[in-house]
Amino acid sequence: MKHFYFLMLSFSLLLAARLQSEVIIYPAPPQAQKSADFQLWVNGQEVFVYKSPASAFAYFSFSDSVLIEIKPRWAVRAVDIRPKSSGVRPEVSGNLIRFSLKEPKNLSIEINGQPSWALFLFANPLEINPPVEGQKGVKYFGPGFHDLKGEKIELKAGETLYLAGGAILYNTIISGSGKNIRVCGRGVLDSGPSGNVGKYWWRRADNLLIEGVITVKWVPEWSNVINNCNGVTIRNYKVISDSDVDDGTDINCSQNVLIEDCFYRTKDDCISIKAYTDFGIASEQPVDNVTVRRSVFFNGDWGYAVRIGTETGAESFRDIVIEDCDVIHARLWGNEAPEAALGIVIGERAEVSDVLFRNIRIEDAPRLFNLEIFKWRGEQRGQLHDVRFENVRCYEKPKLASKISGYDADHRISDVQFRNFNIAGQWIEQADPAVVKINAFVSNVTFQVDPARVKNSAYGILKPVIERTALYPNPCNGSARIEWYLNEPAQIELKVYNLLGRQVAQIAEQRFDAGGCAVSWTPAEDSSLPSGIYWLRLSAQTAAERQVHHIKLIYQK
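A brief look at the structure comes next. Computed from a prediction, not measured in an experiment: that's the story for all the values here.

Each value, and the rule that gives it
- Residues numbered from 1 in each chain as written.
- Predicted model: local features only at pLDDT ≥ 70, side-chain atom pairs only at ≥ 80, totals over all residues.
- Heavy atoms only, no water.
- Buried < 20%, exposed > 50% of the residue type's maximum accessible area, 1.4 Å probe, protein only.
- Helix = DSSP H or I, 4+ residues; strand = E, 2+ residues; numbered from the N terminus.
- Pairing = 2+ DSSP bridges.
- Axes fitted to C-alpha atoms, helices over the stretch in contact; angles between N-to-C directions.
- Lys, Arg positive; Asp, Glu negative; His and termini not counted.
- Salt bridge = Lys/Arg side-chain N within 4 Å of Asp/Glu carboxyl O.
- Contact = heavy atoms within 4.5 Å.
- 1 Å grid on protein atoms, 1.4 Å probe; cavity = no way out; pocket = protein on both sides within 12 Å on 5 of 7 lines; lining within 4 Å.
- Points joined across faces, edges and corners; volume = space filled by probe spheres on them.
- Nonpolar A, V, L, I, M, F, W, Y, C, P; charged D, E, K, R; others polar.
- Phe/Tyr/Trp six-rings, centres within 6.5 Å; stacked < 30°, edge-to-face > 60°.
- Lys NZ or Arg CZ within 6 Å of the ring centre and 35° of its normal.

1. With respect to the pairing of strand β25 (residues 249-252)
Side chains Thr249 and Ile251 project from β25 onto one buried face, and the interleaved Asp250 and Asn252 project onto a second face that is buried too. Both strand β22 (residues 224-227) and β25 contribute to a ladder of three bridges, which runs parallel. Counterpart to asparagine 227 in the pairing with β25 is asparagine 252. Of the pairings in the sheet, the one linking β25 to strand β28 (residues 271-275) comprises four bridges and is parallel in character. Within β28, the residue paired with asparagine 252 across the bridge is lysine 274.

Quick look at the structure:
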């Protein structure tokens, strides 16, 4: 009976998930590169895990709920599932990671604190009325490997490109102009090793829709470029790259753009909102009414998660909203690099105004933001005013101060408001050079905290007392180690209950300092304790609140 209880639990969860859900698993073509780092099962069905230039990835579609099981090739000491706001809490048994999903999510499952040891998991919603092969106006690529050998696909007004799940469209450029163009599906656009391919390039494509597809980049090139377009929707789009100059999506001289529910892992900017007018790429139209929401950003070494600029050759940028997004990593290539998680950098003549960053969660970033007017090229400098940061939370204290830097007395930054800005649990109520450096050409920067609203809001701004927990081994037949992380000192009680709700042990009752904490418990020391499932109740009491976590333990004699 060594594994009986654990197997019965797994079987029950799997049966419940299968009864409640519809799952579509897409077979990979033989030419697909398989990752040796992970194995993946969804409701007991094995899912192909792809190799990519950044990390492994896998995808499927479902409704209702599913049970996810992941087996990395490394010994599992810790698991981080990002974004943290997803609320996904895994169970780890030996080298097997389990968790359930009840709604579509784009996740990064990171092993042993190593972002490079990650599985990007794209749990898609089911498609609604997808195109069928032979349908008029549809360029259809079904499951399989489609090598276009550099040939370009040009879409015209009213046309659709459908990339089915299980399809890899290889070594091509997809471009188009005209109204009502659509790219959709669940498949992969793969650049291959050649240059200047594996990208989307749009010009004057109004009412453009890109939905559900994945781009994998092995070469240095922008991934999805929106030039002089009006009325663009990009939904559930995923980009994976680790190449130089590999922006995920460039919004260039375009208006009325919506990006939502997307996932970007790039080395350069994940999203860049710009006015780049060289070589006839775009005319100098203003950038107006751009919204980015409910998306996840993993930025490598060069750029920003979201950057407005540097190319600002149009007359104006206005009405830009970045909201309800998660920056899970935003790296720098050196301490002197100007980049940050979020940026507005004006290198040319544009007046940039009415920009809102709202409900942003930043998990890992050496610098949070950079607002700057500087000389990139040309003789004209720009202006920046009316910028708001509302309900922005950074989980950890960044090692570098953010920056707000005007150019000169005639090219200033003004009217920047921070409301409910929280760094590592601390509310920022005034300008502090250790947090943000402000030069002489900046005016009217204000900080405001609304504790009542933040305390009771749904935005998750208040940093929890207990950040994360871990328990291993689980199941256990000897000693179990319980770990947790405190964001502030707290009085801890850790008790054990059986399935009848009766307390059977008390492991800890003492005050712990902020940081990583751990205790051990050996259930075998109590000979009367039978094998079975137990709940560990971890409660943390501070002066302001009490927080409780429950952790399931399977004990096998």
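2. Details of unusual backbone geometry
Cis geometry marks the peptide bond from glycine 309 to threonine 310; its omega dihedral reads -5°. The residue threonine 310 is located in strand β31 (residues 306-312) in this model. Cis geometry marks the peptide bond from tyrosine 472 to proline 473; its omega dihedral reads -10°. Along the chain, proline 473 turns up in the loop between β42 (466-472) and β43 (480-486). Backbone geometry at aspartate 319 places phi at a positive 55°, although glycine is not the residue there. A relative accessible area of 37% places aspartate 319 in the partly exposed class.

3. Concerning the sheet that holds strand β46 (residues 515-521)
By definition, the strands of a sheet pair up through backbone hydrogen bonds, in either a parallel or an antiparallel sense. Pairing is antiparallel in the open sheet, where three strands are placed in the order β42-β43-β46. Of all strands in the sheet, those bounded by a partner on one side alone are β42 and β46. In this sheet, adjacent strand axes meet at a mean angle of 15° when their direction is disregarded.

4. Notes on the side chain of glutamate 159
Within the secondary structure layout, glutamate 159 lies in the loop between β13 (152-155) and β14 (160-163). For the buried residue glutamate 159, which engages in no salt bridge, the nearest side chain bearing the opposite charge is lysine 139, 4.4 Å off. Excluding residues that lie within four positions of it along the chain, glutamate 159 makes contacts with Gly137, Lys139, Glu154, Asn180, Ile181 and Arg182.

5. Structural notes on the sheet that holds strand β45 (residues 503-512)
On the basis of which strands lie adjacent, the open sheet formed by four strands has the order β45-β44-β47-β48 and antiparallel pairing. Only two strands of the sheet have a single neighbouring strand rather than two, namely β45 and β48 (546-555). Neighbour to neighbour, the strand axes of the sheet diverge by 15° on average, direction disregarded. One ladder, built from ten bridges, connects strand β47 (residues 532-541) with β48; its direction is antiparallel. Note that in β48 the partner of glutamine 541 across the bridge is arginine 546.

6. Observations concerning the layout of surface pockets
Taken as a whole, the largest pocket spans an internal volume of roughly 1,100 Å³. Taken together, 44 residues form the lining of the largest pocket, with Arg89, Pro90, Glu467, Arg468 and Thr469 sitting closest to its centre. Those elements giving two or more residues to the lining of the largest pocket turn out to be β6 (79-82), β7 (91-93), β42, β43, β46 and β48. Per element, the largest residue contribution to the lining of the largest pocket is seven residues, and it comes from β42. Grouping the constituent residues of the lining of the largest pocket by class yields 21 nonpolar, eleven polar and twelve charged. Of the volumes computed, that of the second largest pocket is approximately 680 Å³. Taken together, 33 residues line the second largest pocket, and the ones lying closest to its centre are Pro104, Lys105, Asn106, Asn236 and Asp261. Split into classes, the residues belonging to the lining of the second largest pocket amount to 13 nonpolar, eight polar and twelve charged.

7. Here's the deal with the packing of aromatic side chains
Applying the stated criterion across every chain yields a total of 27 aromatic pairs. An angle of 45° between the planes, with centres 5.7 Å apart, marks the rings of phenylalanine 60 and phenylalanine 62 as tilted. Both rings, one in tyrosine 140 and one in tyrosine 162, keep their centres 5.2 Å apart while their planes meet at 35°; by these two values the pair is tilted. Placement of the pair is tyrosine 140 in strand β11 (residues 138-141) and tyrosine 162 in strand β14, with a sequence separation of 22 residues. Taken together, the ring pairs in this structure connect Tyr26, Phe48, Tyr50, Phe57, Tyr59, Phe120, Phe122, Phe263 and Phe298 into an aromatic cluster. If you follow arginine 393 out to its NZ or CZ, it ends over the ring of tyrosine 395, 3.9 Å from the centre. One cation-aromatic arrangement involves arginine 468 over tyrosine 485; the distance from NZ or CZ to the ring centre is 4.7 Å.

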